[in-house]
Each structure stands twice: as C-alpha cells, then as structure tokens.
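# What the coordinates show
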Amino acid sequence: VAVSGVYAVVGASAMLCGFKQMAAAVVLIVVQCVNDFNMTPVVMLSVSVALAVNRAINERGHDEEQIERKGLPYLENEVPPGLDVCTASDLLDDLPA
C-alpha cells in the first residue's frame, strides 16, 4: 500500500501515454513534475502497459484518430514515395527577378 498520490501519478501517466502514445516523454515529464526519481520504475511500468494495450487497440493516438475521423488534412509520419528522390532544392520556387 502506497501513498494515495502515487496511485494518482501512475494513473495519470498511464492515461497520458495511452492518449498520446509517447512513452519516454511521458515518463520524463511526470517524473520531473513530481520531483521523485524513485517513482521512475513504477511510472515506466504503467506507461509500458498502457502503450502496449493502446497499440493493440488503436493504430494511432487519440488526437490523430479524431483528426482522421473528421477528415481534416494533416501530414503523415512517413514521406510520400515520390519524394524519396527529391532534395530540398528541388522543391524550391525560383526567385522573382
């Protein structure tokens, strides 16, 4: 049995990880906020379980899923196949004279 604040921190970190699908960032942010590095293993465990469950259920994070359902335009994580051979200078417009 632990102090009730520990359960709140572990639950909040698991929820945040499940919502955003960011494991390392959530652990760092939560452990820094509570200023107790002894909680790192417990937070890591809860974040790992939440991330595994979320990835088994959802392909993307909650916010990306909502964007997809509403049909809003956004950039994917991967580069489109046609841009693999391009460089940044190929995509620039010519300067007007």
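Residues numbered from 1 in each chain as written. Predicted model: local features only at pLDDT ≥ 70, side-chain atom pairs only at ≥ 80, totals over all residues. Heavy atoms only, no water.

Okay, the side chain of Ser 13 next. Tracing the chain through its elements places Ser 13 in helix H1 (residues 4–20). With a relative accessible area of 0%, Ser 13 lands in the buried category. (Helix = DSSP H or I, 4+ residues; strand = E, 2+ residues; numbered from the N terminus. Buried < 20%, exposed > 50% of the residue type's maximum accessible area, 1.4 Å probe, protein only.)

Before going further, it helps to examine the nonpolar core. Counting 10 residues, the largest nonpolar core consists of Val 9, Cys 17, Val 26, Val 27, Val 30, Val 31, Met 39, Val 43, Val 47 and Leu 51. Listing elements by their share of this core, those giving two or more residues are H1, helix H2 (23–34) and helix H3 (40–57). Here the element with the most residues in this core is H2; it accounts for four residues. Aside from chain neighbours lying at most four places away, what touches Val 43 is Val 9, Ser 13, Val 27, Val 30 and Val 31. (Core = buried A, V, L, I, M, F, W, Y, C linked by side-chain atoms within 4.5 Å. Contact = heavy atoms within 4.5 Å.)

A cluster of nonpolar residues, Leu 45, Val 49, Val 53 and Ile 57, forms a patch on the protein surface that exposes about 400 Å² of accessible area. Its place among the elements puts Leu 45 in helix H3. The exposure class of Leu 45 is exposed, given its relative accessible area of 57%. (Patch = residues over 30% accessible without salt bridge, like charges linked within 9 Å, V, L, I, M, F, W, Y side chains within 5 Å. Areas by Shrake-Rupley, 256 points an atom, 1.4 Å probe, with all protein chains shown as cover. Salt bridge = Lys/Arg side-chain N within 4 Å of Asp/Glu carboxyl O.)

Where H2 contacts H3, the axes come no closer than 10 Å and their chain directions differ by 145°. The element H2 and its partner H3 pack so that their crossing is right-handed. Residues Ala 23, Val 26, Val 27, Val 30 and Val 31 of H2 touch H3, and the partners they reach there are Thr 40, Val 43, Met 44, Val 47 and Leu 51. Here the contact of H2 with H3 is composed, by residue class, of nine nonpolar, one polar and no charged. (Axes fitted to C-alpha atoms, helices over the stretch in contact; angles between N-to-C directions. Left-handed = near helix turned anticlockwise from the far one by under 90°. Nonpolar A, V, L, I, M, F, W, Y, C, P; charged D, E, K, R; others polar.)

By themselves, these figures tell us nothing about what the structure is for.
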